[in-house]
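# A closer look at the structure
In case you want the letters, here they are:
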Amino acid sequence: MKKSTYGTAARRGITLAAVSIAAVALSATSANAAVPAHTTASVWDSLAQCESSGNWSTNTGNGYAGGLQFSQSTWAAHGGSGSAANASREQQIAVAQKVQASQGWGAWPACAAKLGLSGGAVAPQSAPTSHRTAAVAVPAKVPVRHAAPKAAVPAPRHVAPVQVSGQTHTIRSGETLSTIAEKLNIAGGWRSLADANTATISNPHLVFPGQVLQLPR
């Protein structure tokens, strides 16, 4: 009696279908993995929240503007037009991706360290449109100052003159210049606080409990 080939053919069809489905799933996984997690909208939103309390149109007159606090020279050098404070969130993120691609996360030293963002430059992606708030954890390294070359050690300090108020603050365990500036509502943020204490703080990312800070006006 001749054996039926129907069962064998059916089993082969099922096997080939399963292989095809697995290949499609693997391809989709690889495509998602190719996009660096730290270039997503969530990271830029979290960075803006730290730098400017999420105000994309801020311009306090401290030399830095926009949600990601660009200096005018950095903004213009990376394709920004006019002032960052007048640009949309998407335009600011597009310029920020170029800054990150050339300088790494050290372009935002204090907030990048606070969010755990570190590492070298990555190629910029297209500006994201979704508005999320979750940050992505990346192993921390010692960042460099804003707009400084990646390899600069120690990082150069700002040279903006800052008048002090005569009031002081003694650094406590666990505090950073960024958290102190936020807690005391200091205009200009941690940069202004660092500039007011250049005589005692050589690196704004290395402060110690017991140090006495002069508070700017």
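The structure displayed is predicted, hence computed values, not measured ones. (Residues numbered from 1 in each chain as written. Predicted model: local features only at pLDDT ≥ 70, side-chain atom pairs only at ≥ 80, totals over all residues. Heavy atoms only, no water.)

It is worth spelling out the overall build of the protein chain at this point. Looking only at helices and strands, the protein chain has seven helices and four strands in total. Counted from the first residue to the last, the protein chain has its helices and strands arranged as α-α-β-β-α-α-α-β-α-α-β. Accessible surface, the protein chain as shown: approximately 12,100 Å² in total, 58% of it carbon and sulfur. (Helix = DSSP H or I, 4+ residues; strand = E, 2+ residues; numbered from the N terminus. Areas by Shrake-Rupley, 256 points an atom, 1.4 Å probe, with all protein chains shown as cover.)

So, on to helix 2 (residues 41-52). Along its twelve residues, helix 2 runs 16 Å from first to last C-alpha, staying within 8% of the 16 Å computed at 1.5 Å per residue. Across the twelve residues that make up helix 2, a large majority, ten, are buried. Where the residues of helix 2 are buried, they touch helix 4 (89-103), helix 5 (109-115) and helix 7 (189-195). Two residues or fewer past helix 2, serine 53 is found with a positive phi of approximately 60°. (Expected span 1.5 Å × (residues − 1). Buried < 20%, exposed > 50% of the residue type's maximum accessible area, 1.4 Å probe, protein only. Contact = heavy atoms within 4.5 Å.)

With that settled, consider unusual backbone geometry. Positioned with a positive phi, serine 53 is a non-glycine residue whose angle comes to about 60°. On the secondary structure map, serine 53 appears in the loop between helix 2 and strand 1 (64-65). In the Ramachandran plot, asparagine 185 falls in the positive-phi region, its phi being about 55° despite a non-glycine side chain. Residue position: asparagine 185 is located in the loop between helix 6 (177-183) and helix 7. What makes asparagine 185 exposed here is its relative accessible area of 70%.

So, on to the state of the cysteines. One pass over the full model with this rule turns up one disulfide. Here cysteine 50 connects covalently by a disulfide to cysteine 111, the sulfurs 2.1 Å from one another. Handedness of the cysteine 50-cysteine 111 disulfide follows from its S-S torsion of about -80°: it is left-handed. Of this pair, cysteine 50 sits in helix 2 while cysteine 111 sits in helix 5; the two residues are 61 residues apart in sequence, bridging distant segments of the chain. Accessibility expressed as a relative area gives 1% for cysteine 111, which makes it buried. (Disulfide = S-S within 2.5 Å.)

The values reported here are purely geometric and, on their own, carry no functional implication.
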